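Chains, contacts and geometry: an overview
Below are the chains, spelled out letter by letter.
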Amino acid sequence: MAISTSIPNYTPLPFLYLLLFSSYHLPILSINVTDLLNSCPDLSDFTKLLTTTGIAADLAYRASVTLLAVPNAFLRSSAGDLTPGNHLSSSNLADVIRYQVLLEYLSLSDLHRIPAGGKLVTTLFQTTGRAASNSGTVNITFNPSSNAVTIYSPTSNATLLALIKTLPYNISIFSINSLLVPYNLDLMASDTRPPLGLNITKALIDGHQFNVAASMLQASGVVSEFEAHESGAGITLFVPTDGAFADLPSSVKLQSLPADQKAQVLRFHVLNCYYPLGSLESIVNPVQPTLATEQYGATSFTLNISRVNGSVGIDTGIVQASVTQTVFDQKPVAIFGVSKVLLPREIFGKNPIEVDKPVTAGAQPPDIALSPEPGMYSPASPAGMEIRSVAAAEKLGFHRSLLFLWCLWLNYLYLWR
């Protein structure tokens, strides 16, 4: 007996698949820039510089970049012998290569839509903390009459030659006719800067709007703990701006806290792993332990991190903040400015724990009354709700599997009817 099937015209199967997988997060593509450039022998010198300076490895963790590559002939004529050790600082050379990396995906059509006044774009050099003021940016202009795209820095400029490769919307690679050199950077200066041992307090003071955080770190003594973590997996600091401290409600007496609690609040602003901005934007497990977690157990002093309205959102259970800028980013240290002081619910919640008495294993978490601010997203759930959420997620996954099989069966009937 023939099977009669009827599939409504208004239910296209691709739409069903889209509905099925719309809530799944796609993995971030890890880009090997040297593999993309190996097919371009004319860029072999520039490719080698990307590898020897370590920039190629850093780019694998970036979500959206535009690389301005210099062909061999132009590279040699614009900067001479760029070989570390030939009276050339290896760290300064790395900063020059960082200056060729734009922290934004730009297609050829994007460049051709640049307004007459030009477009300022931040480079990877700006994230090191060594760029004076905004000298880590370049200005890109487009001349519609000649179709010429020009990239300007205060001390150099280059013209776009061709589009080499593009992987929307992760990376674009263009060739340019000259190496771009940042302002006030001497290629031939001696390399006296150690690879590690960043002075975090100085980096914050140089940022011009983190003086309160810098003074608190200096007075508490915990900054030495942060710098000690640089030699391990690295650290990621979320530093409130001076304006964030000024916006604290009068009920929050941060400065009057005991010294141990004040130190714990500062540790709460630090992840014990290095995360560049691209990794934060695509973080898989949103609940992240902090340096304050190490002393009090895995469920205490954690931050909930997710992407919200185009930026990185940070939820403490009491406060919802967002990342506003990159202050410093050079493996193994990343420092980000945040819009609010991150207040841990373990100290500022309804039933705060005693900071000088670590929570013992198996102890129940404190009953904390959350007071979220409206507008961003829901605060972290209590432990019981998290368990129910896991069970609900497993059940939802089972139902999705059944729906997937049903879609396959519908597709089979649709093709063979």
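Residues numbered from 1 in each chain as written. Predicted model: local features only at pLDDT ≥ 70, side-chain atom pairs only at ≥ 80, totals over all residues. Heavy atoms only, no water.

The name given to the chain in an unreviewed UniProt entry is Fasciclin-like arabinogalactan 4, with Olea europaea subsp. europaea as the source organism. Per UniProt, the chain has the following entry under Subcellular location (unreviewed entry): "Cell membrane". Per UniProt, the chain has the following entry under Sequence similarities (unreviewed entry): "Belongs to the fasciclin-like AGP family." (UniProt positions renumbered as here; feature names shortened; annotations may be inferred.)

**Structural notes on helix α9 (residues 211–220)**
Within α9, the full set of buried residues consists of Ala213, Ala214, Met216 and Leu217. Seen end-on, α9 carries its buried residues on one side only, within an arc spanning 165 degrees. Along α9, the residues that are exposed and aim more than 90 degrees away from the buried face are Gln218 and Ala219. Structurally, α9 contributes buried residues whose contacts are with α8 (200–206), α10 (223–228), β8 (235–240), α11 (242–246) and α12 (259–267). Gly221 sits one or two residues past α9 and shows a positive phi near 85 degrees. (Buried < 20%, exposed > 50% of the residue type's maximum accessible area, 1.4 Å probe, protein only. Helix = DSSP H or I, 4+ residues; strand = E, 2+ residues; numbered from the N terminus. Arc of directions from axis to C-beta. Contact = heavy atoms within 4.5 Å.)

**Topic: the sheet that holds strand β10 (residues 287–289)**
Reading across from one edge, β9-β8-β14-β13-β12-β11-β10 is the order of the seven strands in this open sheet, with mixed pairing throughout. Across the chains shown, the open sheet's two edge strands, defined by having one partner strand only, are β9 (270–271) and β10. Bridge analysis of strand β12 (residues 311–315) against strand β13 (residues 320–330) gives three bridges, and the strand direction is antiparallel. When the bridges of β13 are listed, Ile314 appears paired with Ala321. (Pairing = 2+ DSSP bridges.)

**With respect to the sheet that holds strand β3 (residues 119–122)**
In a beta sheet, neighbouring strands are held together by backbone hydrogen bonds and run either parallel or antiparallel to one another. Ordered in space as β2-β1-β7-β6-β5-β4-β3, the seven strands form an open sheet in which the pairing is mixed. Looking along the sheet, the strands with just one partner apiece sit at the ends: β2 (101–102) and β3. Here strand β1 (residues 65–69) pairs with strand β7 (residues 171–176) via five bridges, running parallel. When the bridges of β7 are listed, Leu67 appears paired with Ile173.

**A few points about the packing of aromatic side chains**
Under the criterion given, the structure shown has four aromatic pairs. A ring pair is formed by Tyr105 and Tyr169, whose centres lie 5.5 Å apart and whose planes are at 80 degrees; its orientation type is edge-to-face. Highlighted residues: Tyr105 in the loop between β2 and α7 (108–112) and Tyr169 in the loop between β6 (157–167) and β7, separated in sequence by 64 residues. Residue Tyr169 is classed as exposed on the basis of its relative accessible area of 63%. (Phe/Tyr/Trp six-rings, centres within 6.5 Å; stacked < 30°, edge-to-face > 60°.)

**Some words on the pattern of salt bridges**
Pairing between side chains of opposite charge can happen when their charged atoms approach one another. One pass over the full model with this rule turns up six salt bridges. Close ionic contact of Asp95 with Arg98 constitutes a salt bridge, the shortest N to O distance being 2.8 Å. Taken as a pair, Asp95 and Arg98 lie in helix α6 (residues 90–98) at a separation of three residues, close to a single helical turn. A single burial state applies to Asp95 and to Arg98, both of which are buried. Linking Arg113 and Asp110 is a salt bridge whose minimum nitrogen-to-oxygen distance equals 2.6 Å. (Salt bridge = Lys/Arg side-chain N within 4 Å of Asp/Glu carboxyl O.)

**A short note on the side chain of Thr316**
Take Thr316: it is sitting in the loop between β12 and β13. Assessed through its relative accessible area of 2%, Thr316 is described here as buried. Among the polar contacts made by the side chain of Thr316, one reaches the main-chain amide nitrogen of Val319 at a distance of 2.9 Å. Within polar-contact distance, the side chain of Thr316 engages the backbone oxygen of Leu343 at 2.9 Å. The contacts of Thr316, once residues within four sequence positions are left out, are Phe268, Leu303, Leu342, Leu343 and Arg345. (Polar contact = N/O pair within 3.5 Å; in protein donor to acceptor, adjacent residues only side chain to side chain.)

**A short note on the nonpolar core**
Side chains that are nonpolar tend, in soluble globular proteins, to be buried together. With 54 residues, the main nonpolar core has Ile200, Phe226, Phe238 and Ile335 as its most contacted residues. Considering each element in turn, this core owes the most residues, five residues, to strand β14 (residues 333–338). When neighbours within four sequence positions are excluded, Ile335 is seen to be in contact with Leu198, Ile200, Ala203, Leu204, Leu237, Val239, Thr326, Val327 and Phe328. Val33, Leu43, Leu102 and Ile173 belong to the second largest nonpolar core, which has 44 residues in total. (Core = buried A, V, L, I, M, F, W, Y, C linked by side-chain atoms within 4.5 Å.)

**Some points on the environment of Thr141**
Tracing the backbone through its elements, the reader meets Thr141 in strand β4 (residues 137–143). Remark: the alpha-carbon pair of Thr141 and Gly117, spanning 24 residues in sequence, is separated by 7.1 Å. If we ignore the near neighbours within four places in the chain, the residues touching Thr141 are Ile114, Gly118, Ala148, Val149, Thr150 and Tyr152.

**Some words on the environment of Lys165**
Summarising the element assignment, Lys165 is placed in strand β6. With relative accessibility at 29%, the residue Lys165 sits in the partly exposed group. Put simply, Lys165 and Ser175 are 10 residues apart on the chain and 9.7 Å apart in space, counted from C-alpha to C-alpha. Setting aside its immediate chain neighbours within four residues, Lys165 contacts Leu36, Ser39, Ile171, Ser172 and Ile173. A polar atom in the side chain of Lys165 sits 2.8 Å from the backbone oxygen of Leu36.

**Considering the side chain of Ser156**
Take Ser156: it is sitting in the loop between β5 (148–152) and β6. Only 3.0 Å separates the side chain of Ser156 from the backbone nitrogen of Val181, close enough to count as a polar contact. Residues within four places of Ser156 in sequence aside, it is in contact with Ile151, Leu179, Leu180 and Val181.

**As for the pairing of strand β11 (residues 302–308)**
Burial runs high along β11: five of the seven residues are buried. Pairing geometry for β11 and β12, over five bridges, is antiparallel. Looking at β12, one finds that Arg307 is bridged to Val312. Counted between consecutive antiparallel strands, the loop separating β11 from β12 contains two residues, among which Asn309 sits at a positive phi close to 50 degrees.

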